[in-house]
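Next come the chains, spelled out residue by residue.
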Amino acid sequence: MEAINAELRQWCHELPKVELHAHLNGSIRDSTLLELVKNHGDNGVLISKDVEQMILEKGTSLRKCFELFAVYHVLASDHETVKRITKEAVEDFAADNCIYLELRTTPKKNEAKGMTKRSYMDAVIDGLKAVDTVDVDLCGCELTNKKNGDWRRKKIFVRLLLSINRSEATSAAIETVNLAMEMKDMGVVGIDLSGDPTVGQWDTVLPALEHARKLGLPVTLHCGEVRNSKEIQAMLDFNPQRLGHVCLLAEEDWERLKSLMIPVEICLTSNIMTQTIPLIEYHHFADLYKSKHPLSLCTDDTGLFSTTLSNEYYKAAVTFGLGKEEMFKLAQEAVDFVFANEDVKKHLAQNYEEAKARIL
Ligand SMILES: CNc1ncnc2c1ncn2[C@@H]1O[C@H](COP(=O)(O)O)[C@@H](O)[C@H]1O
Ligand SMILES: [Zn+2]
(Lines give C-alpha, C1' and ligand atoms only; values in the text may rest on other atoms or scores of the structure.)
(Ligands and ions follow the chains in the order given, each with its own letter.)
Protein backbone atom coordinates (compact mmCIF):
# COMPACT_ATOMS: atom_id res chain seq x y z
CA MET A 1 0.00 0.00 0.00
CA GLU A 2 2.77 2.41 0.98
CA ALA A 3 4.63 1.68 -2.26
CA ILE A 4 1.47 2.39 -4.28
CA ASN A 5 1.00 5.68 -2.44
CA ALA A 6 4.61 6.70 -3.05
CA GLU A 7 4.18 5.90 -6.75
CA LEU A 8 0.94 7.93 -6.92
CA ARG A 9 2.59 10.86 -5.11
CA GLN A 10 5.42 10.83 -7.65
CA TRP A 11 2.91 10.66 -10.53
CA CYS A 12 1.02 13.67 -9.13
CA HIS A 13 4.34 15.49 -8.96
CA GLU A 14 5.12 14.70 -12.60
CA LEU A 15 1.66 15.68 -13.81
CA PRO A 16 1.83 19.13 -15.47
CA LYS A 17 -0.41 21.39 -13.39
CA VAL A 18 -2.25 24.71 -13.68
CA GLU A 19 -2.53 26.81 -10.50
CA LEU A 20 -5.36 29.34 -10.48
CA HIS A 21 -5.61 30.28 -6.79
CA ALA A 22 -2.35 31.13 -5.00
CA HIS A 23 -1.76 34.17 -2.75
CA LEU A 24 1.78 35.54 -2.81
CA ASN A 25 2.11 36.23 0.91
CA GLY A 26 0.47 32.91 1.75
CA SER A 27 3.10 31.13 -0.34
CA ILE A 28 6.19 32.30 1.58
CA ARG A 29 8.55 29.46 2.54
CA ASP A 30 8.76 28.71 6.28
CA SER A 31 12.56 28.97 6.06
CA THR A 32 12.27 32.48 4.59
CA LEU A 33 9.74 33.54 7.23
CA LEU A 34 11.99 32.34 10.04
CA GLU A 35 14.93 34.18 8.50
CA LEU A 36 12.84 37.34 8.18
CA VAL A 37 11.79 37.03 11.83
CA LYS A 38 15.44 36.73 12.88
CA ASN A 39 16.44 39.79 10.84
CA HIS A 40 13.49 41.74 12.13
CA GLY A 41 14.40 41.15 15.78
CA ASP A 42 12.34 42.26 18.77
CA ASN A 43 11.47 45.86 18.05
CA GLY A 44 8.23 46.26 19.91
CA VAL A 45 6.05 45.27 16.93
CA LEU A 46 6.87 41.57 16.83
CA ILE A 47 8.37 39.35 19.53
CA SER A 48 10.49 36.82 17.63
CA LYS A 49 9.94 33.85 19.93
CA ASP A 50 6.15 34.25 19.79
CA VAL A 51 6.18 34.76 16.03
CA GLU A 52 8.38 31.71 15.41
CA GLN A 53 5.93 29.66 17.45
CA MET A 54 2.95 31.05 15.49
CA ILE A 55 4.61 30.33 12.13
CA LEU A 56 5.39 26.74 13.05
CA GLU A 57 1.92 26.10 14.51
CA LYS A 58 0.28 27.35 11.26
CA GLY A 59 -3.30 28.44 10.78
CA THR A 60 -5.77 26.07 12.38
CA SER A 61 -8.76 28.37 12.07
CA LEU A 62 -9.68 31.25 9.79
CA ARG A 63 -9.06 33.67 12.66
CA LYS A 64 -5.53 32.33 13.23
CA CYS A 65 -4.79 32.56 9.48
CA PHE A 66 -5.62 36.23 9.43
CA GLU A 67 -3.51 36.84 12.56
CA LEU A 68 -0.63 35.21 10.70
CA PHE A 69 -1.20 37.26 7.54
CA ALA A 70 -0.90 40.41 9.66
CA VAL A 71 2.50 39.15 10.82
CA TYR A 72 3.60 38.17 7.29
CA HIS A 73 2.71 41.65 6.07
CA VAL A 74 5.00 43.21 8.70
CA LEU A 75 7.83 40.85 7.75
CA ALA A 76 7.44 41.34 3.98
CA SER A 77 6.86 45.07 3.95
CA ASP A 78 9.82 46.31 1.88
CA HIS A 79 10.49 46.09 -1.84
CA GLU A 80 13.49 43.74 -1.55
CA THR A 81 11.47 41.20 0.46
CA VAL A 82 8.50 41.39 -1.91
CA LYS A 83 10.91 40.71 -4.78
CA ARG A 84 12.44 37.77 -2.91
CA ILE A 85 9.18 36.07 -1.94
CA THR A 86 7.90 36.40 -5.52
CA LYS A 87 11.05 34.80 -6.96
CA GLU A 88 10.90 31.97 -4.44
CA ALA A 89 7.17 31.33 -4.92
CA VAL A 90 7.54 30.99 -8.70
CA GLU A 91 10.58 28.74 -8.34
CA ASP A 92 8.66 26.53 -5.89
CA PHE A 93 5.63 26.20 -8.18
CA ALA A 94 7.88 25.43 -11.15
CA ALA A 95 9.76 22.78 -9.14
CA ASP A 96 6.36 21.18 -8.48
CA ASN A 97 5.77 20.97 -12.28
CA CYS A 98 3.29 23.75 -12.43
CA ILE A 99 3.23 25.00 -16.04
CA TYR A 100 0.87 27.93 -15.54
CA LEU A 101 0.62 30.01 -12.36
CA GLU A 102 -1.91 32.73 -11.74
CA LEU A 103 -0.35 34.43 -8.73
CA ARG A 104 -2.55 36.86 -6.82
CA THR A 105 -1.47 39.56 -4.43
CA THR A 106 -2.86 42.64 -2.69
CA PRO A 107 -0.93 45.76 -3.77
CA LYS A 108 0.08 47.55 -0.55
CA LYS A 109 0.92 51.13 0.38
CA ASN A 110 3.55 51.69 3.06
CA GLU A 111 4.64 55.29 3.42
CA ALA A 112 7.42 54.47 5.90
CA LYS A 113 9.08 52.26 3.27
CA GLY A 114 8.32 54.62 0.37
CA MET A 115 5.98 51.99 -1.04
CA THR A 116 3.01 52.73 -3.27
CA LYS A 117 0.65 50.12 -4.76
CA ARG A 118 2.51 50.58 -8.04
CA SER A 119 6.00 50.24 -6.55
CA TYR A 120 4.83 47.11 -4.66
CA MET A 121 3.78 45.60 -8.00
CA ASP A 122 7.07 46.69 -9.61
CA ALA A 123 8.85 44.72 -6.87
CA VAL A 124 6.71 41.68 -7.78
CA ILE A 125 7.74 42.05 -11.44
CA ASP A 126 11.39 42.40 -10.35
CA GLY A 127 10.95 39.11 -8.48
CA LEU A 128 9.68 37.43 -11.65
CA LYS A 129 12.70 38.77 -13.56
CA ALA A 130 15.02 37.37 -10.89
CA VAL A 131 13.75 33.78 -11.23
CA ASP A 132 16.64 31.64 -12.42
CA THR A 133 15.69 27.98 -12.12
CA VAL A 134 13.10 28.15 -14.90
CA ASP A 135 12.15 30.32 -17.89
CA VAL A 136 9.27 32.63 -17.03
CA ASP A 137 6.76 33.73 -19.64
CA LEU A 138 5.05 36.91 -18.51
CA CYS A 139 2.79 38.81 -20.94
CA GLY A 140 3.73 36.67 -23.92
CA CYS A 141 7.47 37.28 -23.75
CA GLU A 142 10.11 35.37 -21.87
CA LEU A 143 11.72 37.31 -19.07
CA THR A 144 14.74 35.12 -18.71
CA ASN A 145 17.05 34.18 -21.52
CA LYS A 146 17.51 30.53 -22.29
CA LYS A 147 20.64 29.75 -20.32
CA ASN A 148 23.39 28.66 -22.73
CA GLY A 149 20.77 28.13 -25.43
CA ASP A 150 19.32 25.23 -23.44
CA TRP A 151 15.90 24.71 -25.00
CA ARG A 152 15.09 21.84 -22.67
CA ARG A 153 14.92 24.16 -19.70
CA LYS A 154 11.58 24.18 -17.94
CA LYS A 155 9.15 27.00 -18.65
CA ILE A 156 6.34 28.42 -16.58
CA PHE A 157 3.67 30.89 -17.67
CA VAL A 158 3.02 33.40 -14.88
CA ARG A 159 0.10 35.78 -14.88
CA LEU A 160 -0.92 38.12 -12.06
CA LEU A 161 -4.23 38.92 -10.37
CA LEU A 162 -4.51 42.02 -8.21
CA SER A 163 -6.42 41.33 -5.01
CA ILE A 164 -8.84 43.76 -3.43
CA ASN A 165 -8.95 43.26 0.32
CA ARG A 166 -12.54 43.14 1.58
CA SER A 167 -11.71 45.66 4.30
CA GLU A 168 -10.56 48.31 1.81
CA ALA A 169 -12.58 51.47 1.13
CA THR A 170 -14.32 51.79 -2.26
CA SER A 171 -11.76 54.35 -3.46
CA ALA A 172 -8.81 52.09 -2.55
CA ALA A 173 -10.46 49.15 -4.32
CA ILE A 174 -11.02 51.25 -7.45
CA GLU A 175 -7.37 52.33 -7.30
CA THR A 176 -6.37 48.64 -7.42
CA VAL A 177 -8.60 48.03 -10.45
CA ASN A 178 -7.09 51.03 -12.25
CA LEU A 179 -3.61 49.73 -11.43
CA ALA A 180 -4.52 46.35 -12.90
CA MET A 181 -5.61 48.10 -16.08
CA GLU A 182 -2.38 50.13 -16.17
CA MET A 183 -0.38 46.88 -15.86
CA LYS A 184 -2.30 44.86 -18.43
CA ASP A 185 0.78 44.67 -20.65
CA MET A 186 2.86 43.50 -17.70
CA GLY A 187 1.13 40.20 -17.09
CA VAL A 188 -1.84 41.36 -14.98
CA VAL A 189 -4.93 39.49 -16.18
CA GLY A 190 -7.65 40.03 -13.59
CA ILE A 191 -8.99 40.95 -10.16
CA ASP A 192 -9.54 38.88 -7.01
CA LEU A 193 -11.64 39.72 -3.97
CA SER A 194 -10.19 38.24 -0.78
CA GLY A 195 -9.39 39.02 2.85
CA ASP A 196 -10.96 38.15 6.19
CA PRO A 197 -14.52 37.05 5.29
CA THR A 198 -15.87 38.30 8.62
CA VAL A 199 -14.83 41.85 7.78
CA GLY A 200 -16.10 44.32 5.15
CA GLN A 201 -19.29 44.78 3.18
CA TRP A 202 -20.11 43.57 -0.32
CA ASP A 203 -21.68 46.94 -1.17
CA THR A 204 -18.37 48.70 -0.46
CA VAL A 205 -16.40 46.69 -3.03
CA LEU A 206 -19.14 46.20 -5.62
CA PRO A 207 -18.47 49.53 -7.44
CA ALA A 208 -14.83 48.50 -7.93
CA LEU A 209 -15.83 45.06 -9.25
CA GLU A 210 -18.32 46.64 -11.63
CA HIS A 211 -15.59 49.03 -12.74
CA ALA A 212 -13.34 46.01 -13.47
CA ARG A 213 -16.10 44.42 -15.50
CA LYS A 214 -16.58 47.61 -17.56
CA LEU A 215 -12.84 47.65 -18.26
CA GLY A 216 -12.98 44.04 -19.42
CA LEU A 217 -10.96 42.62 -16.50
CA PRO A 218 -12.06 39.12 -15.41
CA VAL A 219 -12.96 38.74 -11.72
CA THR A 220 -12.74 35.90 -9.20
CA LEU A 221 -14.31 36.13 -5.74
CA HIS A 222 -13.65 34.35 -2.43
CA CYS A 223 -17.11 33.04 -1.69
CA GLY A 224 -18.75 31.15 1.19
CA GLU A 225 -15.83 30.82 3.63
CA VAL A 226 -18.35 31.83 6.28
CA ARG A 227 -22.13 31.48 6.28
CA ASN A 228 -23.44 34.71 4.83
CA SER A 229 -26.32 33.90 2.55
CA LYS A 230 -27.03 37.49 1.56
CA GLU A 231 -23.47 38.03 0.39
CA ILE A 232 -23.27 34.66 -1.36
CA GLN A 233 -26.45 35.50 -3.28
CA ALA A 234 -25.05 38.92 -4.23
CA MET A 235 -21.88 37.21 -5.48
CA LEU A 236 -23.91 34.78 -7.59
CA ASP A 237 -25.93 37.75 -8.93
CA PHE A 238 -22.63 39.35 -9.95
CA ASN A 239 -21.83 36.16 -11.88
CA PRO A 240 -18.00 36.44 -11.88
CA GLN A 241 -15.67 34.50 -14.20
CA ARG A 242 -14.62 32.23 -11.31
CA LEU A 243 -15.34 31.63 -7.62
CA GLY A 244 -13.01 30.39 -4.88
CA HIS A 245 -13.94 27.96 -2.07
CA VAL A 246 -17.83 27.99 -2.18
CA CYS A 247 -17.88 26.02 1.10
CA LEU A 248 -20.89 27.12 3.11
CA LEU A 249 -23.69 27.57 0.58
CA ALA A 250 -27.34 26.98 1.45
CA GLU A 251 -29.11 24.38 -0.68
CA GLU A 252 -30.77 26.85 -3.07
CA ASP A 253 -27.55 28.86 -3.54
CA TRP A 254 -25.74 25.60 -4.24
CA GLU A 255 -28.24 24.70 -6.96
CA ARG A 256 -27.93 28.18 -8.43
CA LEU A 257 -24.13 27.95 -8.51
CA LYS A 258 -24.43 24.68 -10.38
CA SER A 259 -26.89 26.02 -12.90
CA LEU A 260 -24.72 29.11 -13.51
CA MET A 261 -21.75 26.80 -14.20
CA ILE A 262 -19.27 29.28 -12.68
CA PRO A 263 -15.85 27.55 -12.54
CA VAL A 264 -14.77 26.86 -8.94
CA GLU A 265 -11.25 27.02 -7.48
CA ILE A 266 -11.16 24.14 -4.98
CA CYS A 267 -8.73 24.40 -2.05
CA LEU A 268 -8.96 21.11 -0.11
CA THR A 269 -6.18 21.52 2.46
CA SER A 270 -7.05 25.16 3.08
CA ASN A 271 -10.70 24.34 3.81
CA ILE A 272 -9.73 21.57 6.23
CA MET A 273 -6.98 23.51 8.02
CA THR A 274 -9.23 26.52 8.55
CA GLN A 275 -11.95 24.13 9.79
CA THR A 276 -14.37 25.54 7.22
CA ILE A 277 -15.08 21.92 6.23
CA PRO A 278 -14.89 19.41 9.13
CA LEU A 279 -13.58 16.37 7.23
CA ILE A 280 -12.09 16.00 3.75
CA GLU A 281 -14.49 13.12 2.97
CA TYR A 282 -17.38 15.61 3.30
CA HIS A 283 -15.80 18.14 0.93
CA HIS A 284 -18.09 19.55 -1.77
CA PHE A 285 -15.47 18.64 -4.39
CA ALA A 286 -17.20 15.24 -4.58
CA ASP A 287 -20.61 16.68 -5.48
CA LEU A 288 -19.23 19.20 -7.99
CA TYR A 289 -17.03 16.56 -9.60
CA LYS A 290 -19.90 14.10 -9.90
CA SER A 291 -22.08 16.81 -11.47
CA LYS A 292 -19.33 17.62 -13.99
CA HIS A 293 -19.22 21.18 -12.70
CA PRO A 294 -16.19 23.15 -14.01
CA LEU A 295 -13.54 23.10 -11.29
CA SER A 296 -9.83 23.23 -10.66
CA LEU A 297 -7.68 22.06 -7.73
CA CYS A 298 -5.66 24.87 -6.13
CA THR A 299 -3.40 25.46 -3.12
CA ASP A 300 -4.59 28.86 -1.76
CA ASP A 301 -1.55 29.34 0.52
CA THR A 302 1.25 26.78 0.08
CA GLY A 303 3.32 28.27 2.92
CA LEU A 304 0.57 28.79 5.44
CA PHE A 305 -0.92 25.33 4.83
CA SER A 306 2.35 23.45 4.13
CA THR A 307 1.03 22.07 0.87
CA THR A 308 1.87 21.88 -2.84
CA LEU A 309 -0.36 21.56 -5.88
CA SER A 310 0.88 17.96 -6.32
CA ASN A 311 -0.24 17.25 -2.79
CA GLU A 312 -3.72 18.65 -3.54
CA TYR A 313 -4.00 16.28 -6.53
CA TYR A 314 -2.75 13.39 -4.43
CA LYS A 315 -5.30 14.13 -1.70
CA ALA A 316 -8.13 14.29 -4.25
CA ALA A 317 -7.04 10.99 -5.81
CA VAL A 318 -6.78 9.16 -2.50
CA THR A 319 -9.92 10.64 -0.88
CA PHE A 320 -12.29 10.49 -3.83
CA GLY A 321 -10.84 7.46 -5.59
CA LEU A 322 -9.87 9.15 -8.86
CA GLY A 323 -7.70 7.23 -11.31
CA LYS A 324 -4.80 8.65 -13.30
CA GLU A 325 -6.85 9.34 -16.41
CA GLU A 326 -9.40 11.25 -14.37
CA MET A 327 -6.65 13.19 -12.62
CA PHE A 328 -5.02 14.01 -15.92
CA LYS A 329 -8.32 15.28 -17.31
CA LEU A 330 -8.92 17.36 -14.19
CA ALA A 331 -5.54 19.07 -14.59
CA GLN A 332 -5.99 19.52 -18.35
CA GLU A 333 -9.46 21.05 -18.04
CA ALA A 334 -8.16 23.82 -15.78
CA VAL A 335 -6.69 25.34 -18.95
CA ASP A 336 -10.23 26.35 -19.96
CA PHE A 337 -10.54 28.60 -16.89
CA VAL A 338 -7.25 30.55 -17.04
CA PHE A 339 -7.56 34.33 -17.46
CA ALA A 340 -4.65 34.44 -19.95
CA ASN A 341 -5.31 34.76 -23.69
CA GLU A 342 -6.01 32.10 -26.33
CA ASP A 343 -2.34 31.90 -27.36
CA VAL A 344 -1.36 30.80 -23.86
CA LYS A 345 -4.26 28.32 -23.75
CA LYS A 346 -3.02 26.80 -27.01
CA HIS A 347 0.49 26.41 -25.60
CA LEU A 348 -0.85 24.78 -22.46
CA ALA A 349 -3.12 22.45 -24.43
CA GLN A 350 -0.08 21.39 -26.45
CA ASN A 351 1.87 20.73 -23.24
CA TYR A 352 -0.88 18.36 -22.14
CA GLU A 353 -0.89 16.55 -25.47
CA GLU A 354 2.86 15.98 -25.14
CA ALA A 355 2.55 14.89 -21.50
CA LYS A 356 -0.19 12.36 -22.27
CA ALA A 357 2.16 9.98 -24.03
CA ARG A 358 4.75 10.40 -21.31
CA ILE A 359 2.72 9.85 -18.14
CA LEU A 360 -0.54 8.11 -19.03
C1 LIG B 1 -7.41 31.05 3.88
N2 LIG B 1 -8.36 31.65 3.03
C3 LIG B 1 -8.31 32.95 2.59
N4 LIG B 1 -9.47 33.63 2.55
C5 LIG B 1 -9.51 34.93 2.19
N6 LIG B 1 -8.42 35.63 1.85
C7 LIG B 1 -7.23 34.99 1.87
C8 LIG B 1 -7.12 33.62 2.21
N9 LIG B 1 -5.84 33.27 2.10
C10 LIG B 1 -5.16 34.39 1.72
N11 LIG B 1 -6.00 35.43 1.60
C12 LIG B 1 -5.70 36.84 1.25
O13 LIG B 1 -4.39 36.94 0.73
C14 LIG B 1 -3.56 37.77 1.55
C15 LIG B 1 -2.14 37.25 1.56
O16 LIG B 1 -1.54 37.41 0.30
P17 LIG B 1 -1.16 38.84 -0.34
O18 LIG B 1 -0.77 39.76 0.79
O19 LIG B 1 -2.38 39.33 -1.06
O20 LIG B 1 -0.01 38.55 -1.24
C21 LIG B 1 -4.24 37.73 2.91
O22 LIG B 1 -3.92 38.84 3.70
C23 LIG B 1 -5.73 37.71 2.52
O24 LIG B 1 -6.18 39.00 2.21
ZN1 LIG C 1 -7.68 32.36 -1.27
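The rules behind each value
- Residue indices follow the written sequence of each chain, beginning from 1 at its first position.
- A letter from A marks each chain and a number from 1 marks each ligand, given out in the order of writing.
- Only residues with pLDDT of at least 70 get local features here, since the model is predicted, and only at 80 or more are side-chain atom pairs given and counted; chain-wide, interface and lining totals rely on the full set of residues.
- Each side-chain value is derived from all of the structure's non-hydrogen atoms; neither hydrogens nor water enter the calculation.
- UniProt positions are given in the numbering used here, feature names are shortened, and annotations may be inferred rather than shown by experiment.
- Going along the chain from the N terminus, every DSSP run of H or I of four or more residues is numbered as a helix, and every run of E of two or more is numbered as a strand.
- Three labels apply to residues, based on accessible area from a 1.4 Å probe with only protein chains included: buried if under 20% of the type maximum, exposed if over 50%, partly exposed otherwise in between.
- Any two residues having at least one pair of non-hydrogen atoms within 4.5 Å are treated as being in contact.
- Donors, by definition, are the N, O and S atoms found within 2.8 Å of a metal, the threshold being 3.2 Å for Na, K and Ca, and water is not counted, so a site can look incomplete.
- Site shape is set this way: if four donors have all angles between 85 and 135 degrees, tetrahedral; if opposite donors are over 155 degrees apart and all others between 65 and 115, square planar for four donors and octahedral for six; otherwise irregular.
- For helices, the fitted line uses only the C-alpha atoms of the stretch in contact; every axis is such a line through C-alpha atoms, and the angle between N-to-C directions lies from 0 to 180 degrees.
- Orientation categories follow fixed angle ranges, with anything under 35 degrees roughly parallel, anything over 145 roughly antiparallel, 65 to 115 roughly perpendicular, and all other angles oblique.
- A crossing counts as left-handed when the near helix is turned anticlockwise from the far one by less than a right angle, and as right-handed when that turn is clockwise.
- For this classification, the nonpolar set comprises Ala, Val, Leu, Ile, Met, Phe, Trp, Tyr, Cys and Pro, the charged set comprises Asp, Glu, Lys and Arg, and every other residue, Gly included, is treated as polar.
- For each residue, the test is whether any non-hydrogen atom lies within 4 Å of the molecule or strand; if one does, the residue is near.
- Whenever two N or O atoms come within 3.5 Å, that pair is a polar contact, provided that in protein one can donate a hydrogen and the other can accept it, and provided that, for residues adjacent in sequence, both atoms are side-chain atoms.
- In this description, accessible areas are obtained by the Shrake-Rupley approach with a 1.4 Å probe, and a residue is regarded as covered only by the protein chains that are shown.
- Pairing of aromatic rings covers Phe, Tyr and the six-membered ring of Trp, with a centre-to-centre limit of 6.5 Å; geometry is then stacked below 30 degrees between planes, edge-to-face above 60, and tilted otherwise.
- Only buried residues count toward a nonpolar core, which is a set of Ala, Val, Leu, Ile, Met, Phe, Trp, Tyr and Cys residues joined through side-chain atoms within 4.5 Å.
- A helix is expected to span 1.5 Å for every residue after the first.
- Comment: arc refers to directions from the helix axis out to C-beta atoms.

- Within an unreviewed UniProt entry, the label attached to the protein chain reads Adenosine deaminase-like protein, and the organism entered is Rhynchospora pubera.
- You can read under Catalytic activity (unreviewed entry) in the UniProt record for the protein chain the words "N(6)-methyl-AMP + H2O + H(+) = IMP + methylamine".
- Note on the protein chain: under the UniProt heading Sequence similarities (unreviewed entry), the record states "Belongs to the metallo-dependent hydrolases superfamily. Adenosine and AMP deaminases family."

### Here's the deal with the environment of Ala94
Then step 1. As for its placement among the helices and strands, Ala94 is situated in helix H5 (residues 79–95).
Then step 2. Looking at Ala94, the relative accessible area reads 3%, which means it is buried.
Then step 3. What Ala94 contacts, discounting residues up to four positions off in sequence, is Val134, Lys154 and Ile156.

### Considerations on the coordination of the zinc ion (ligand 2)
Then step 1. Surrounding the zinc ion (ligand 2) are the protein donor atoms His21 (NE2), His23 (NE2), His222 (NE2) and Asp300 (OD), at 2.1 Å.
Then step 2. For the zinc ion (ligand 2), the four donor atoms are set out with angles of 83 to 167° between them, so the coordination reads as irregular.

### Observations regarding the packing of helix H3 (residues 48–57) against helix H4 (residues 62–75)
Then step 1. Where H3 contacts H4, the two axes come as close as 11 Å, and the packing angle between them is 125°. In terms of axis orientation, H3 runs oblique to H4. Here the hand of the crossing between H3 and H4 comes out left-handed. Residue-level inspection shows Val51, Met54 and Ile55 of H3 in contact with H4, the latter providing Glu67, Leu68, Val71 and Tyr72.
Then step 2. The class makeup of the residues in the contact of H3 with H4 is six nonpolar, no polar and one charged.

### With respect to the site of ligand 1
Then step 1. Around ligand 1, a shell composed of 18 residues is seen, among which His73, Thr105, Thr106, Lys108 and Glu225 lie nearest.
Then step 2. Separating a nitrogen atom of ligand 1 from a backbone N or O atom of Gly195 is a distance of 3.0 Å.
Then step 3. Considering ligand 1 on its own, with 510 Å² of exposed area, one finds that the protein chains cover 99% of that surface.
Then step 4. Sorting elements by how many residues they give to the shell around ligand 1 places H4 first, with three residues.
Then step 5. Taken together, the residues that form the shell around ligand 1 break down as four nonpolar, 10 polar and four charged.

### A look at the packing of aromatic side chains
Then step 1. The full count for this structure, using the stated rule, is six aromatic pairs.
Then step 2. For the ring pair Phe66 and Phe69, a centre distance of 5.6 Å and an interplane angle of 55° mean the geometry is tilted. With Phe66 and Phe69 both in helix H4 and three residues apart, this pair spans about one turn of that helix.
Then step 3. For the ring pair Phe285 and Tyr289, a centre distance of 5.4 Å and an interplane angle of 15° mean the geometry is stacked. Residue Phe285 and its partner Tyr289 are both found in helix H12 (residues 285–290); the two are separated by four residues, about one turn of the helix.
Then step 4. Among the residues examined, Phe285 registers a relative accessible area of 0% and is labelled buried.
Then step 5. Residue Tyr289 is classed as partly exposed on the basis of its relative accessible area, which comes to 27%.

### Here we look at the nonpolar core
Then step 1. Judged by nonpolar contacts, the single largest core of 112 residues is most densely connected at Ile156, Ile191, Trp202 and Leu209.
Then step 2. Not counting residues within four places of it along the chain, the set of residues in contact with Trp202 comprises Leu193, Leu209, Leu221, Glu231, Ala234, Met235 and Phe238.

### A look at helix H7 (residues 170–182)
Then step 1. Taking 1.5 Å of rise per residue, 13 residues should cover 18 Å, and H7 covers 18 Å from first to last C-alpha, within 8% of that figure.
Then step 2. Every buried residue of H7 is accounted for by Ala172, Ala173, Thr176, Val177, Leu179 and Ala180. With its buried residues spanning 160° around the axis, H7 presents them on a single face.
Then step 3. On its buried side, H7 packs onto helix H6 (117–130), strand S5 (155–165), strand S6 (188–194) and helix H8 (202–215).

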